[in-house]
Amino acid sequence: YQPNYSSRSIPGSSLQNYTVMDFIIIGAGSAGSVVATRLTEDPSVNVLVLECGRSDIAVGLELRIPLTAGKLQFKNASFPFYTEEQKFASFANNKKQAHLPTGKTLGGGSSINYLAYVRGAAADYDEWQSMGADGWSFKDVLPYFKKSECCQCIDLLEKEFHGVDGPLPVSIRSPRNPIATDFINACGQVGYPNLDYNGKDIVGASYFQTTSMKGERASTAFAYLHPSMHRENLHVVTEANVTRILFSQDGKKAIGVEYMKDNKIVRVLASKEVIVSAGSLNTPKILQLSGIGPAPELKKWNIDLIKDLPVGLNLQDHCFTTICCIGPPKKNIGSINGAKLLGFPSGLLSLAEWFLHGTGIFASSGLDGNLFCHSGVRRNLPYPDLQISVFATGGDPDLFYKNLNVSPEWTYPPEFIGPNAEAFIILVTLLHPVSRGSVTLKSTDSQAHPAIQPNYLQEDVDLKTLMAGCKIAMKILQQGAMKDTFGRAYFHPKLLQKHNNKSDSDAFWEDHIRHFCTTLYHPTSTCAIGKVVDPQLKVYGMNGLRVADASIMPQIMSGNTNAPSIMIGEKAADMIAKEYGYMNKSQVTLSANENYKRKRQTLHRNIALYVAVIATSITLVVAYLMK
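Residues numbered from 1 in each chain as written. Predicted model: local features only at pLDDT ≥ 70, side-chain atom pairs only at ≥ 80, totals over all residues. Heavy atoms only, no water.

Some remarks on the overall build of the chain
Then, number 1: Secondary structure assignment for the chain yields 18 helices and 25 strands.
Then, number 2: Taken against the 2.2 N^0.38 rule, which gives 25 Å for 627 residues, the C-alpha radius of gyration of the chain at 25 Å falls within 12% of a compact globule.
Then, number 3: Its C-alpha atoms put the chain at 85 × 75 × 45 Å along the principal axes.
Then, number 4: Evaluated residue by residue, the chain yields a buried proportion of 61% over its 627 residues.
Then, number 5: Contacts in the chain between residues far apart in sequence, at least 24 positions, make up 72% of those at least 6 positions apart.
Then, number 6: Averaging the positions of the 61 positive and the 55 negative side-chain charges in the chain gives two centres separated by 3 Å. (Helix = DSSP H or I, 4+ residues; strand = E, 2+ residues; numbered from the N terminus. Rg over C-alpha atoms; globule rule 2.2 N^0.38 Å. Buried < 20%, exposed > 50% of the residue type's maximum accessible area, 1.4 Å probe, protein only. Contact = heavy atoms within 4.5 Å. Lys, Arg positive; Asp, Glu negative; His and termini not counted. Charge placed at Lys NZ, Arg CZ, Asp CG, Glu CD.)

Below, the structure written as structure tokens:
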């Protein structure tokens with residue numbers, strides 16, 4: 001068939017075959033939601049967003065509460081991906097697999113993550129530039145970080161590095177968790193400064209900055225999409241499973257997308273571009289199913305080759321290991337445990353505090369204190385290679401048996417996972433792995449999960465870096481500032497017995513790390529700039545096809561990847577708008593403060609309406625009974 005670009009209308013309430021849009025965006029995640037919102041600021045630009053998952057509103061209240069982040073990975077808000085068998089890590093799982101969920105709802109990963117707002121080091125972006133990503137130095141990307149941000153804690157941070165008028169609210173939890181406070185003070189005793197890690201320097205300790213507003217999660221659906229849904233030129237289709245990208249007859253231009261909705265195949269056309277923003281795991285899968293990828297892989301599945309590119313062959317991910325910490329005997333150290341959440345009246349009071357004031361334990365994902373530092377293993381790195389974080393929670397077996405994908409025989413004692421546990425976890429994360437992995441097809445079925453092989457700890461230097469990180473973490477825990485929150489570290493009896501009850505040898509640490517090493521859910525670089533896309537994010541050798549998500553990173557970041565993904569969306573939208581001359585920004589994207597103000601006004605109007613309806617009903621009932 002030949003595309004017909006004359007029709008731009010949407011017949012009825014649903015899309016019909018061969019409806020034409022200017023742009024089709026695959027995925028409404030951290031980057032895709034941003035691209036869609038920014039492009040449709042110009043009312044002349046028609047954008048269609050195809051999201052595989054449900055609306056975030058349909059998922060429910062849990063998406064709004066930071067504390068429920070761990071539960072969201074097992075709801076219909078995520079793809080329940082698992083890695084292939086690991087040869088060098090995840091030994092505490094019987095199948096040696098890591099659980100690697102990714103977002104499957106509006107907002108994508110920003111709707112199910114642990115809310116950390118971390119940009120990474122300035123040197124990360126300068127290195128991207130040196131690797132051929134022209135226009136992606138820190139000087140180039142900082143304006144897009146600031147454009148997106150509406151900092152709610154600007155007086156606590158380095159003002160020149162933060163924005164205050166963007167749609168994405170960034171906050172620091174209030175009140176501070178005492179475990180995180182003691183950890184940051186202990187880091188100071190070791191010699192690490194307390195600083196704004198999103199400021200000039202990154203090496204040091206701090207409270208986590210989070211994508212939240214008044215204690216409520218702020219995903220890109222919350223911050224960008226929903227306030228813009230009234231725009232007539234923005235069209236969002238949920239539960240749309242993309243089967244392939246459509247190309248012109250000569251195979252050189254992307255002209256549309258085929259997707260399945262309600263068991264029906266629908267084909268829609270793009271007069272300008274198809275933008276793939278499905279994330280570092282699904283983006284390579286969609287491209288490969290469409291004929292763009294490594295020729296040998298596509299040949300294996302009898303997929304017609306459109307373009308031979310190393311799609312999926314540069315997977316990088318942050319992996320981490322845990323040190324489980326139990327508080328001093330008979331002390332309430334501020335841990336988030338089952339008794340505080342489910343007990344009466346404490347649980348009810350905590351929920352009421354969150355609902356009324358946006359504070360308390362429900363306002364935190366549990367991830368509160370943080371340190372970026374150098375291991376010393378790879379000397380002269382311009383950025384930190386370790387992230388050591390405090391996860392201020394115990395008392396939830398699901399956290400270990402499901403999220404960390406640990407088999408039951410590697411159980412933990414009641415004082416750590418019991419309902420009254422006063423415990424916390426230290427996460428020691430490898431920021432710059434030398435090991436590389438891949439994302440390839442398992443099937444030509446578009447709904448099948450891809451084969452994800454991250455090769456955690458394949459390179460010995462990665463193991464040595466985590467070993468150094470564990471020793472730094474233990475040194476911090478033994479400082480005087482931790483005396484009120486840290487009692488002892490818990491290591492599994494099987495490993496202690498194997499090493500004669502000694503937990504300080506290199507042999508012990510290697511065994512511990514290989515057993516309890518898993519993913520931090522930060523896959524990147526599977527469609528990297530310089531390998532699959534150019535610095536404008538256009539797929540090499542193709543017209544009308546771009547990628548905009550974490551998969552384009554030439555190298556993984558020094559920190560959590562949600563904030564950089566949002567920045568990528570901002571920069572991608574700006575590059576596209578400039579290329580096509582979309583300068584009419586009359587449909588303004590609301591700042592987070594204005595968005596929140598309007599939401600509260602709507603809430604108050606609704607409450608007033610409900611009160612009026614109830615009062616009127618009571619009046620009518622009383623009048624009837626008085627007759």
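Some words on the sheet that holds strand β8 (residues 209-210)
Then, number 1: One open sheet holds the three strands; their spatial order is β5-β6-β8, and the pairing between them is mixed. Only two strands of the sheet have a single neighbouring strand rather than two, namely β5 (149-151) and β8.
Then, number 2: Pairing of β5 with strand β6 (residues 168-172), which is carried by three bridges, proceeds in the parallel orientation. Within β6, the residue paired with cysteine 151 across the bridge is valine 170.
Then, number 3: Of the strands in this sheet, β5 and β6 are in contact with helix α5 (residues 138-148), which crosses β5 at around 60°. (Pairing = 2+ DSSP bridges. Axes fitted to C-alpha atoms, helices over the stretch in contact; angles between N-to-C directions.)

Section: the environment of cysteine 187
Then, number 1: Inspection of the secondary structure assignment puts cysteine 187 in helix α6 (residues 178-190).
Then, number 2: Each C-alpha atom, one on cysteine 187 and one on phenylalanine 79, is 37 Å from the other, the two residues being 108 residues apart in sequence.
Then, number 3: Beyond its immediate sequence surroundings of up to four residues, cysteine 187 is in contact with Tyr192, Ala205, Leu371 and Ile476.

Quick word on the pattern of salt bridges
Then, number 1: A full pass over the atoms with the stated rule returns 23 salt bridges.
Then, number 2: Taking the shortest distance from any N to any O, the salt bridge between lysine 471 and aspartate 506 comes out at 2.5 Å. Note that lysine 471 is positioned in helix α14 (residues 460-477) and aspartate 506 in helix α16 (residues 506-515), a separation of 35 residues in sequence.
Then, number 3: Across the salt bridge formed by glutamate 510 and arginine 514, the nearest N and O atoms sit 3.3 Å from each other. Note that glutamate 510 and arginine 514 are positioned in helix α16 at a spacing of four residues, about one turn of the helix. (Salt bridge = Lys/Arg side-chain N within 4 Å of Asp/Glu carboxyl O.)

Looking at the pairing of strand β1 (residues 19-26)
Then, number 1: Counting buried positions along β1 gives eight out of eight residues, so the element sits mostly inside the fold.
Then, number 2: Here seven bridges tie β1 to strand β14 (residues 264-276), and the two strands are oriented parallel to one another. Paired with methionine 21 across the strands is alanine 270, a residue of β14.
Then, number 3: The pairing of β1 with strand β2 (residues 47-50) spans four bridges and is classified as parallel. When the bridges of β2 are listed, isoleucine 24 appears paired with leucine 48.

Here we look at the packing of helix α1 (residues 32-39) against helix α17 (residues 562-580)
Then, number 1: The interhelical angle for the contact between α1 and α17, taken along N-to-C directions, is 35°, at an axis separation of 8 Å. Two packed elements cross with a definite hand, and for α1 against α17 that hand is right-handed. On the side of α1, the interface is formed by Val34, Val35, Arg38 and Leu39, while α17 contributes Ile566, Gly569, Glu570, Ala572, Ala573, Ile576 and Ala577.
Then, number 2: A per-class count over the contact of α1 with α17 returns eight nonpolar, one polar and two charged. (Left-handed = near helix turned anticlockwise from the far one by under 90°. Nonpolar A, V, L, I, M, F, W, Y, C, P; charged D, E, K, R; others polar.)

Some thoughts on the state of the cysteines
Then, number 1: The full count for this structure, using the stated rule, is zero disulfides.
Then, number 2: We note that cysteine 319 lacks a disulfide partner, and the nearest cysteine sulfur, in cysteine 517, lies 3.7 Å from it.
Then, number 3: Unpaired in terms of disulfides, cysteine 325 finds its nearest cysteine sulfur in cysteine 324, a separation of 7.2 Å.
Then, number 4: Note on cysteine 325: relative accessible area 0%, which makes it buried. (Disulfide = S-S within 2.5 Å.)

Topic: empty space enclosed by the protein
In this approach, a probe sized like a water molecule rolls over the atoms, and the result shows the empty space that is left.
Then, number 1: Summed over the entire model, instances satisfying the criterion amount to five cavities of 30 Å³ or more.
Then, number 2: One number sums up the size of the largest cavity: a volume of about 110 Å³.
Then, number 3: Around the largest cavity, the lining comprises 15 residues; the ones closest to its centre are Arg173, Thr210, Ser364, Leu367 and Asp368.
Then, number 4: Its residues assigned to classes, the lining of the largest cavity shows seven nonpolar, five polar and three charged.
Then, number 5: Of the pockets and cavities examined, the second largest cavity occupies roughly 80 Å³.
Then, number 6: If you trace the second largest cavity, you find 13 residues lining it, with Leu404, Val406, His515, Phe516 and Thr518 closest to the centre.
Then, number 7: Tallied by class, the residues present in the lining of the second largest cavity amount to six nonpolar, seven polar and no charged. (1 Å grid on protein atoms, 1.4 Å probe; cavity = no way out; pocket = protein on both sides within 12 Å on 5 of 7 lines; lining within 4 Å. Points joined across faces, edges and corners; volume = space filled by probe spheres on them.)

Side note on the packing of α1 against helix α7 (residues 220-228)
Then, number 1: As a packed pair, α1 and α7 sit with axes 9 Å apart at the nearest point and diverge in direction by 30°. It follows that α1 is roughly parallel to α7 by the angle criterion. Crossing hand, α1 versus α7: left-handed. Along its contact with α1, which presents Ser33, Val34, Thr37 and Arg38, the element α7 presents Thr220, Ala221, Tyr224, Leu225 and Ser228.
Then, number 2: Among the residues forming the contact of α1 with α7, the class breakdown is four nonpolar, four polar and one charged. (Parallel < 35°, antiparallel > 145°, perpendicular 65-115°, else oblique.)

Thoughts on the packing of aromatic side chains
Then, number 1: This structure, assessed with the given rule, holds 15 aromatic pairs.
Then, number 2: With a centroid separation of 5.5 Å and 85° between ring planes, the pair formed by phenylalanine 23 and tyrosine 580 is classed as edge-to-face. With phenylalanine 23 in strand β1 and tyrosine 580 in helix α17, this pair connects stretches of sequence that are 557 residues apart.
Then, number 3: Of the residues examined, phenylalanine 23 reaches a relative accessible area of 0% and is grouped as buried.
Then, number 4: Ring geometry for tryptophan 410 and phenylalanine 516: centres 5.8 Å apart, planes at 85°, overall edge-to-face. With tryptophan 410 in the loop between α12 (397-403) and α13 (414-417) and phenylalanine 516 in the loop between α16 and β24 (517-519), this residue pair connects regions lying 106 residues apart in the sequence.
Then, number 5: Lying over the aromatic face of tyrosine 207, arginine 176 brings its terminal NZ or CZ to 5.3 Å of the ring centre.
Then, number 6: Seen from the ring of tryptophan 410, lysine 494 lies directly overhead, with NZ or CZ sitting 4.7 Å from the centre. (Phe/Tyr/Trp six-rings, centres within 6.5 Å; stacked < 30°, edge-to-face > 60°. Lys NZ or Arg CZ within 6 Å of the ring centre and 35° of its normal.)

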